[in-house]
Amino acid sequence: QVQLVESGGGLVQPGGSLRLSCAASGINFRINVMGWYRQAPGKQRELVARITRSGMTNYQDSVKGRFTISGDNAKNTVALQMNSLKPEDTTVYYCRVLSQWGAEYWGQGTQVIVSS
């Protein structure tokens, strides 16, 4: 059974930093893409950043230059370093993995609150 466990969320002041981590277990396939998404209440879930198995990355425009995604294929982990956080970054962040067959798996989410 595939399980994704996120950690690292919390409360931080504007301009501060947080590092989100996601560990995938029960993996018996190749992961092609790992990523982070976020969803504010009443809004659609949106891509924050993703990284392919080969290391290619994509970022939402609003986080470019502030967030950095990194992955470890051997450990099935993905991290999101978030710097210069803004109040509008406040929401729940979800980890997602995409298998070689196109199946997707999601974590349960971790709350990030940026507030003074």
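As shown above, the structure is provided for reference.
Residues numbered from 1 in each chain as written. Predicted model: local features only at pLDDT ≥ 70, side-chain atom pairs only at ≥ 80, totals over all residues. Heavy atoms only, no water.

J.: Sorry if this is basic, but what is going on with the overall build of the protein here?
T.: Scanning the protein for helices and strands turns up zero helices and 11 strands. Its helices and strands in sequence order give the protein the pattern β-β-β-β-β-β-β-β-β-β-β, from N to C terminus. By its C-alpha atoms, the protein is 45 × 25 × 25 Å across when sized along the principal axes. Counting the 116 residues in the protein, one finds 36% classified as buried. Taking the intrachain contacts of the protein between residues at least 6 apart in sequence as the baseline, contacts between residues at least 24 apart amount to 52%. (Helix = DSSP H or I, 4+ residues; strand = E, 2+ residues; numbered from the N terminus. Buried < 20%, exposed > 50% of the residue type's maximum accessible area, 1.4 Å probe, protein only. Contact = heavy atoms within 4.5 Å.)

J.: Explanation requested: the sheet that holds strand β1 (residues 3-7) in the structure shown.
T.: Remark on secondary structure: sheet strands pair via backbone hydrogen bonds, oriented parallel or antiparallel. If you trace the four strands from one edge of the open sheet to the other, you get β1-β3-β8-β7, paired in antiparallel fashion. With one partner strand each, in any of the chains shown, β1 and β7 (67-72) form the two edges of the open sheet. Strand-to-strand, the axes of this sheet are offset by a mean angle of 15 degrees, without reference to chain direction. In the sheet, β1 pairs with strand β3 (residues 18-25) via five bridges, with the strands oriented antiparallel. What sits directly across from Leu4, in β3, is Ala24. (Pairing = 2+ DSSP bridges. Axes fitted to C-alpha atoms, helices over the stretch in contact; angles between N-to-C directions.)

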